[in-house]
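Spelled out from the first residue to the last, the chains are:
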Amino acid sequence: MKIYFDGCSWTKGAELENEIVEGFSKVDDRKMLQNRLRFSKLLCNELGAEEYNFAVSGGSNDRIVRNLLVEHNIEDYDLAVIQMTFPVRTEFYNPKSSSKHPKGKWIKHPKEVKDDWSKVSPKNNYNKWLHGEDGNIERLGEKFKDHADFWKYYYMHVTCKEYFEVKEKIHYHTIRNSCKIPLVLLTINRWTKLPFDLQLDDGTRNMRHKMGHPNKELHKHFAKQIYSLAISSIRS
């Protein structure tokens, strides 16, 4: 059984390398914690499946859809667990960036593959500001590595909350309609109005790391919840 995972830092397992686990002390070993403790690996362990995790930190829903429709053949897998992220994120084609990221199936020394797409994320303060909460966006332009003036104008004068709600809905239904295998669709967008299978950001703060990512106990909790949803999806 092969399981396809995609999402952002929550699915990648960001900050799990900071967990204190007996037997992991060297820097290289600690980096392996991310891949051993994240919910995707725990779920695969439970189902006796192979893990193919394509998530990256700062990834967007645009990237998730591109991976699904262009980069991979979803019918090569038996189950998909896809975690959508904040709709304000995006990406653009930028072959000059020559950025690299690990190939989906994790091994001890991941094969690096070129990614010609650059991530764009205005960070969480913008999300809060967009939804009328206390978000400081004075330094918004500093968030972007490339074309900072363009992206600042785009987020401040071109887009709005309704725009991103529609964009999220388009991505949501594109994933639902394009995934021809059993699917569990997750989100971390606490402002969403869409009927996801599971909301990962349920407000729990006592099981988070410094930058807000789930700790190992929360990943265990996610794995149990997703397991039940996965079994239901496979049987239906």
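The structure under discussion appears in the preceding block.
Residues numbered from 1 in each chain as written. Predicted model: local features only at pLDDT ≥ 70, side-chain atom pairs only at ≥ 80, totals over all residues. Heavy atoms only, no water.

A. A look at the packing of helix H4 (residues 61-71) against helix H7 (residues 161-178). The geometry of H4 relative to H7 is characterised by a closest axis approach of 10 Å and an angle of 25° between their N-to-C directions. Considered as vectors, H4 and H7 are oriented roughly parallel to each other. Of the two elements, H4 crosses H7, and the hand of that crossing is left-handed. Residues Asn61, Asp62, Ile64, Val65, Leu68 and Leu69 of H4 touch H7, and the partners they reach there are Lys167, His171, Thr174, Ile175 and Ser178. Grouping the constituent residues of the contact of H4 with H7 by class yields 5 nonpolar, 4 polar and 2 charged. (Axes fitted to C-alpha atoms, helices over the stretch in contact; angles between N-to-C directions. Helix = DSSP H or I, 4+ residues; strand = E, 2+ residues; numbered from the N terminus. Parallel < 35°, antiparallel > 145°, perpendicular 65-115°, else oblique. Left-handed = near helix turned anticlockwise from the far one by under 90°. Contact = heavy atoms within 4.5 Å. Nonpolar A, V, L, I, M, F, W, Y, C, P; charged D, E, K, R; others polar.)

B. Quick look at the pattern of salt bridges. All chains considered together, the criterion is met by 9 salt bridges. Here Arg38 and Glu51 are joined by a salt bridge, their closest N and O atoms 2.9 Å apart. Taken together, the positions of Arg38 in the loop between helix H2 (27-37) and helix H3 (39-47) and Glu51 in strand E2 (residues 50-53) put the pair 13 residues apart, joining distant regions of the chain. Residue classification places Arg38 among the buried positions, given a relative accessible area of 4%. Taking the relative accessible area as the measure of exposure, Glu51 reaches 9% and is therefore buried. (Salt bridge = Lys/Arg side-chain N within 4 Å of Asp/Glu carboxyl O. Buried < 20%, exposed > 50% of the residue type's maximum accessible area, 1.4 Å probe, protein only.)

C. Fine view of the side chain of Ser118. Following the sequence through the fold, Ser118 ends up in strand E7 (residues 117-120). Within polar-contact distance, the side chain of Ser118 engages the side chain of Asn94 at 3.0 Å. (Polar contact = N/O pair within 3.5 Å; in protein donor to acceptor, adjacent residues only side chain to side chain.)

D. Representation of the packing of H3 against helix H8 (residues 216-235). Direction vectors running N to C along H3 and H8 enclose 50°, while the axes themselves pass 8 Å from each other. Between H3 and H8, the crossing angle belongs to the class labelled oblique. When you trace H3 past H8, the crossing you get is right-handed. Residue-level inspection shows Phe39, Leu42, Leu43, Glu46 and Leu47 of H3 in contact with H8, the latter providing His219, Lys220, Phe222, Ala223, Ile226, Tyr227 and Ile231. For the contact of H3 with H8, the class distribution of residues is 9 nonpolar, 1 polar and 2 charged.

E. Local environment of the packing of aromatic side chains. Applying the stated criterion across every chain yields a total of 19 aromatic pairs. When the centroid spacing of 6.3 Å and the interplanar angle of 25° are considered together, the rings of Trp10 and Phe222 count as stacked. Pair noted here: Trp10 is in helix H1 (residues 9-12) and Phe222 is in helix H8, with a separation of 212 residues, a long-range link. Comparing Trp10 with Phe222, the two get one shared label, buried. Considering the side-chain rings of Tyr154 and Tyr155, the 4.9 Å spacing of their centres and the 80° angle between planes classify their relative orientation as edge-to-face. Of the two residues examined, Tyr154 and Tyr155, each falls in the buried class. Feature note: the residues Phe92, Tyr126, Trp129, Phe144, Phe150, Trp151, Tyr154, Tyr155, Tyr163 and Phe164 constitute an aromatic cluster, connected by ring pairs. Cation over ring: Lys2 sits above Tyr77, and NZ or CZ is 5.3 Å from the ring centre. (Phe/Tyr/Trp six-rings, centres within 6.5 Å; stacked < 30°, edge-to-face > 60°. Lys NZ or Arg CZ within 6 Å of the ring centre and 35° of its normal.)

F. How the structure looks around the nonpolar core. Formed by 34 residues in total, the largest nonpolar core has its most connected members in Phe39, Val81, Tyr155 and Ile226. Listing elements by their share of this core, those giving two or more residues are strand E1 (2-6), H3, strand E3 (79-84), helix H5 (123-130), helix H6 (148-158), strand E8 (183-187) and H8. Those residues in contact with Val81 that lie beyond four places of it in its chain are Ile3, Tyr4, Phe5, Asp6, Phe39, Leu43, Val184, Leu186 and Ile226. Counting residues in each nonpolar core, the second largest holds 19 residues, with Val65, Tyr77, Ile82 and Leu185 among its members. (Core = buried A, V, L, I, M, F, W, Y, C linked by side-chain atoms within 4.5 Å.)

G. Up close: the sheet that holds E1. Ordered in space as E2-E1-E3-E8-E9, the 5 strands form an open sheet in which the pairing is parallel. Both outer strands of the open sheet, E2 and strand E9 (198-199), are each paired with one neighbouring strand and no more. Relative to E1, H4 is tilted by about 150°, and along the sheet it contacts E1 and E3. (Pairing = 2+ DSSP bridges.)

H. Geometry of a positive patch on the surface. Taken together, the side chains of Lys119, Lys123, Lys143 and Lys145 present a region of like positive charge at the surface. By secondary structure assignment, the location of Lys143 is in the loop between H5 and H6. (Patch = residues over 30% accessible without salt bridge, like charges linked within 9 Å, V, L, I, M, F, W, Y side chains within 5 Å. Areas by Shrake-Rupley, 256 points an atom, 1.4 Å probe, with all protein chains shown as cover. Lys, Arg positive; Asp, Glu negative; His and termini not counted. Charge placed at Lys NZ, Arg CZ, Asp CG, Glu CD.)

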